[in-house]
Amino acid sequence: MLLDVLYPHWNVVAYATAEGYDLHKLRKALAEQALYIPSELTSNEPLESGVGCALHAVAKYQVTPENRHIYCFEEGSVVMWNVSTVEQNSIIQFLKPYEVKSYHTGIVQEEMELMFYTYNQSKRTYIHDGIMYIGIIDKDLESIASDRYTLSNAMSLSVKLGVLEVLLDMYICETECLSEDLKIGNPVRLDQRGILRKSGELFALRHSINLSTDLLDTPDFYWDRENLESLYQRSCYYFSIPRRTKVMNEKLNHCVELIQLVTSHLSDRHHVRLELMIIVLILVEVMFEILHYFGKT
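Being a predicted model, the structure only gives us computed values, none of them experimental.

## Section: the pairing of strand β6 (residues 77–81)
Item 1. Most of β6 is tucked away, with five of its five residues classed as buried.
Item 2. By the alternation rule, side chains of β6 split into S77, V79 and W81 and V78 and M80, which are all buried.
Item 3. Of the pairings in the sheet, the one linking strand β1 (residues 10–16) to β6 comprises five bridges and is antiparallel in character. Across the sheet, A14 pairs through a bridge with V79, a residue of β6.
Item 4. In this antiparallel pair of consecutive strands, strand β5 (residues 69–73) and β6, the connection spans three residues, and G76 shows a positive phi of 100°.

Shown next, in the form of structure tokens:
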């Protein structure tokens with residue numbers, strides 16, 4: 001109880017709004033807006049280096065003793081610390097011009113993640129029961145900022161994965177009719193063009209999960225920061241990211257098998273149609289030859 005009095009709880013919220021952000025243009029826009037200062041990932045110092053896979057911004061005007069922080073990640077997710085609901089909506093609107101392939105607003109709002117954070121009179125930073133405890137004993141400001149970034153990184157992956165899970169579930173619902181058609185022997189409701197489009201959607205999802213995000217591997221940022229790597233991995237396990245990613249890939253494999261089966265079925269049906277057309281043409285040619293023969297006699 002004493003810790004709760006000493007260190008109140010503030011909110012930390014994450015959104016996945018698009019497939020990606022143009023962080024270089026976003027950095028320039030933040031500098032021009034002059035409300036949030038682009039800063040180093042592991043400190044509150046103004047950003048001097050180039051933009052990497054994430055962009056950290058600190059509120060220029062501090063309205064409470066606890067300052068406000070924003071972390072925008074290249075894969076299209078944003079994490080906001082100690083930011084009010086009104087300011088959250090304002091930031092999301094500000095990000096729109098720098099989004100690459102925006103997600104539907106309903107999905108963004110539905111899959112947002114809200115947690116709370118506080119400071120902890122220990123060296124250890126951890127998550128428990130929806131609260132992030134940031135250890136401050138024997139830590140400088142850079143170490144605390146590094147922990148905040150690491151927690152943000154794991155939370156951003158979780159909310160991104162949540163949106164991808166929704167998109168995959170929508171895809172499964174849309175293609176469920178295909179397995180039903182095959183089951184009862186009805187003609188498949190999609191033509192080859194439609195199946196090709198569904199194949200593209202499926203592999204775009206697979207690319208987002210396995211290639212364009214860090215869901216399967218630890219980011220390079222943590223390779224020479226063992227203490228942060230441990231915190232990152234523990235945070236990912238808290239959000240069940242490895243298990244959720246594995247389940248999604250299993251679902252994707254089943255979808256791939258279904259699409260391949262339907263593609264093969266449509267291809268066979270197309271070949272049969274071509275063969276029938278050739279047979280009909282041969283029969284027509286034979287009929288003309290017969291008529292031509294009897295016409296001479």
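## Digging into the sheet that holds β6
Item 1. In space, the eight strands of this open sheet follow the order β3-β4-β5-β6-β1-β8-β10-β9, with mixed pairing throughout. A single partner strand is all that each edge strand has here, and the edge strands are β3 (36–39) and β9 (126–128). Along the sheet, successive strands turn relative to each other by an average axial angle of 25°, direction set aside.
Item 2. Packing of helix α5 (residues 141–184) onto the sheet brings it into contact with β1, β4 (54–59), β5, β6, β8 (113–120), β9 and β10 (131–135), and relative to β5 it is tilted by some 50°.

## Comments concerning the side chain of T17
Item 1. By the secondary structure assignment, T17 is in the loop between β1 and β2 (18–21).
Item 2. Of note is the side chain of T17, whose polar atom sits 2.5 Å from the side chain of Y21.
Item 3. Not counting chain neighbours up to four residues away, the residues in contact with T17 comprise G76, I92, E99, S102, Y103 and V108.

## A closer look at the packing of α5 against helix α7 (residues 226–238)
Geometry of a packed helix pair, given as the angle between the helix axes and the separation of the axes.
Item 1. Contact pair α5 / α7: the axes reach a minimum separation of 9 Å and the direction vectors enclose 35°. The handedness of the crossing between α5 and α7 comes out as right-handed. Where α5 abuts α7, its residues S146, D147, T150, L151, N153, A154 and L157 lie against L228, L231, Y232, S235 and C236.
Item 2. Residues of the contact of α5 with α7, tallied by class, amount to seven nonpolar, four polar and one charged.

## Examining the confidence of the model for the chain
Low-pLDDT stretches of the model should not have their predicted coordinates read in fine detail.
Item 1. Mean pLDDT over the chain stands at 87; residues scoring 70 or higher make up 92%.
Item 2. Mean pLDDT across the elements of the chain ranges from a minimum in helix α1 (residues 2–6), with 45, to a maximum in β6, with 97.

## Observations concerning the nonpolar core
Item 1. Ranked by size, the top nonpolar core spans 75 residues in total, and within it M80, W81 and M132 carry the most contacts.
Item 2. The biggest single contributor to this core is α5, with 14 residues.
Item 3. With near-sequence residues (within four places) excluded, M132 lies in contact with V12, W81, M115, F116, Y117, T118, Y126, I127, L151, M155 and F239.

## Let's talk about the environment of S146
Item 1. Mapped onto the elements, S146 comes out in helix α5.
Item 2. You can call S146 buried: its relative accessible area is 9%.
Item 3. Note: C-alpha distance between S146 and L228 (82 residues apart in sequence) is 7.5 Å.
Item 4. Not counting the four nearest positions on each side in its chain, S146 is found in contact with T42 and L228.

Rules behind the numbers
Residues numbered from 1 in each chain as written. Predicted model: local features only at pLDDT ≥ 70, side-chain atom pairs only at ≥ 80, totals over all residues. Heavy atoms only, no water. Buried < 20%, exposed > 50% of the residue type's maximum accessible area, 1.4 Å probe, protein only. Helix = DSSP H or I, 4+ residues; strand = E, 2+ residues; numbered from the N terminus. Pairing = 2+ DSSP bridges. Axes fitted to C-alpha atoms, helices over the stretch in contact; angles between N-to-C directions. Contact = heavy atoms within 4.5 Å. Polar contact = N/O pair within 3.5 Å; in protein donor to acceptor, adjacent residues only side chain to side chain. Left-handed = near helix turned anticlockwise from the far one by under 90°. Nonpolar A, V, L, I, M, F, W, Y, C, P; charged D, E, K, R; others polar. pLDDT = per-residue confidence, 0-100. Core = buried A, V, L, I, M, F, W, Y, C linked by side-chain atoms within 4.5 Å.

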